[in-house]
Amino acid sequence: MLEVVPTALPELRVIKPKRFGDERGFFSETYNKRTFAQAGINLEFVQDNHSRSAKTGTVRGLHFQIAPFAQEKLVRVTRGRIFDVTVDLRRGSPTFGRHVSIELSAANWTQLLVPIGFAHGFCTLEDETEVIYKTTNYYSVEHDKGLTWDDPALGIEWPVAPADATLSDKDRRQPTLAECFDAFP
C-alpha cells in the first residue's frame, strides 16, 4: 500500500501512500510503521509538526538540526501546494551541495522522506498552504541550523523572486553554504 520512489539524491525518497476514494471523500494511511519497515524504512518518529502559510511565496528554510538532535523528516502537504527543496550537506558525499526539488501538494498526495545530513525548505505555491511533517528527533533550539534559501551556489530555481518572498527574520539571516560550518561528517 506504499510506493517508494528514488530521487537524484539516493538517500532522499519520495513516498506515495495509496488513497481510497468514494462519494464520501477519501481515506489514506499516511504512515504505518510496519508498512514502512516492509519498504526498508525503519524509523521511529517522535514529533509531528504542522505549519500554515497564509500567502503564496512564503519560504520556510533551508533548515536542519545537528547531532545529537539531527532529524529525519517525513513531509506532506494537507492543503495547498509547495515547491519543496532538499540539499545534501554531508561533506565528502559525492552529492554534497546538490539539491532535489519536488512539488508536494494535497492533490498529488506525495510525501518526501528527508534523511539526516540534508537541509530542507519549501516555498508555498498557494495561499493557506498547510504542511505536516514527522521527525525522528525532538526540536532543539541549540541544534537548529540553516542555510540561506537563495544562495546562488546552490543553483535552486525558486518559484519566487527574493524581493517577493515572505521570510522569517531567522531565515533572512542564515549563512550561505560556503559560510556554513561542517554540519555533518
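The structure this text deals with has already been given above.
Because the structure is predicted, anything quoted here is derived from the model rather than measured.

Here is what the cut-offs are and how they apply
Residues numbered from 1 in each chain as written. Predicted model: local features only at pLDDT ≥ 70, side-chain atom pairs only at ≥ 80, totals over all residues. Heavy atoms only, no water. Salt bridge = Lys/Arg side-chain N within 4 Å of Asp/Glu carboxyl O. Helix = DSSP H or I, 4+ residues; strand = E, 2+ residues; numbered from the N terminus. 1 Å grid on protein atoms, 1.4 Å probe; cavity = no way out; pocket = protein on both sides within 12 Å on 5 of 7 lines; lining within 4 Å. Points joined across faces, edges and corners; volume = space filled by probe spheres on them. Nonpolar A, V, L, I, M, F, W, Y, C, P; charged D, E, K, R; others polar. Buried < 20%, exposed > 50% of the residue type's maximum accessible area, 1.4 Å probe, protein only.

**A few points about the pattern of salt bridges**
Then step 1. Taken as a whole and judged by the stated rule, the model has 10 salt bridges.
Then step 2. With a closest N to O distance of 3.0 Å, Asp-48 and Lys-134 form a salt bridge. In this pair, Asp-48 is assigned in strand S5 (residues 47–53) and Lys-134 in strand S12 (residues 129–135), connecting sequence segments 86 residues apart.
Then step 3. The salt bridge partner of Glu-103 is Arg-81, with a shortest N-O separation of 3.2 Å. With a gap of 22 residues between them, Glu-103 in strand S9 (residues 99–105) and Arg-81 in strand S8 (residues 81–88) connect regions that are remote in the sequence.
Then step 4. Because the salt bridges share partners, they merge into one network encompassing Glu-11, Asp-88 and Arg-90.

**Brief notes about the layout of surface pockets**
Then step 1. One number sums up the size of the largest pocket: a volume of about 440 Å³.
Then step 2. Together, 24 residues line the largest pocket, and Arg-60, Gly-61, His-63, Tyr-133 and Lys-170 are the ones closest to its centre.
Then step 3. Of all the secondary structure elements, the ones that give two or more residues to the lining of the largest pocket are S5, strand S6 (59–65), strand S11 (118–124) and helix H2 (169–172).
Then step 4. Ranked by residue count, the leading element in the lining of the largest pocket is S6, at six residues.
Then step 5. Across the lining of the largest pocket, the residue classes break down as six nonpolar, 12 polar and six charged.

**Quick notes on unusual backbone geometry**
Then step 1. Going from Gly-61 to Leu-62, the amide bond is cis rather than trans, its omega being 15 degrees.
Then step 2. As for its placement among the helices and strands, Leu-62 is situated in strand S6.
Then step 3. A cis amide bond links Ala-67 with the next residue in sequence, Pro-68, at an omega value of 5 degrees.
Then step 4. Among the secondary structure elements, Pro-68 is positioned in the loop between S6 and strand S7 (73–79).
Then step 5. Not every positive phi belongs to a glycine, and Trp-109 is a case in point at roughly 55 degrees.
Then step 6. Tracing the backbone through its elements, the reader meets Trp-109 in the loop between S9 and strand S10 (111–114).
Then step 7. Using a relative accessible area of 13% as the deciding quantity, one classes Trp-109 as buried.

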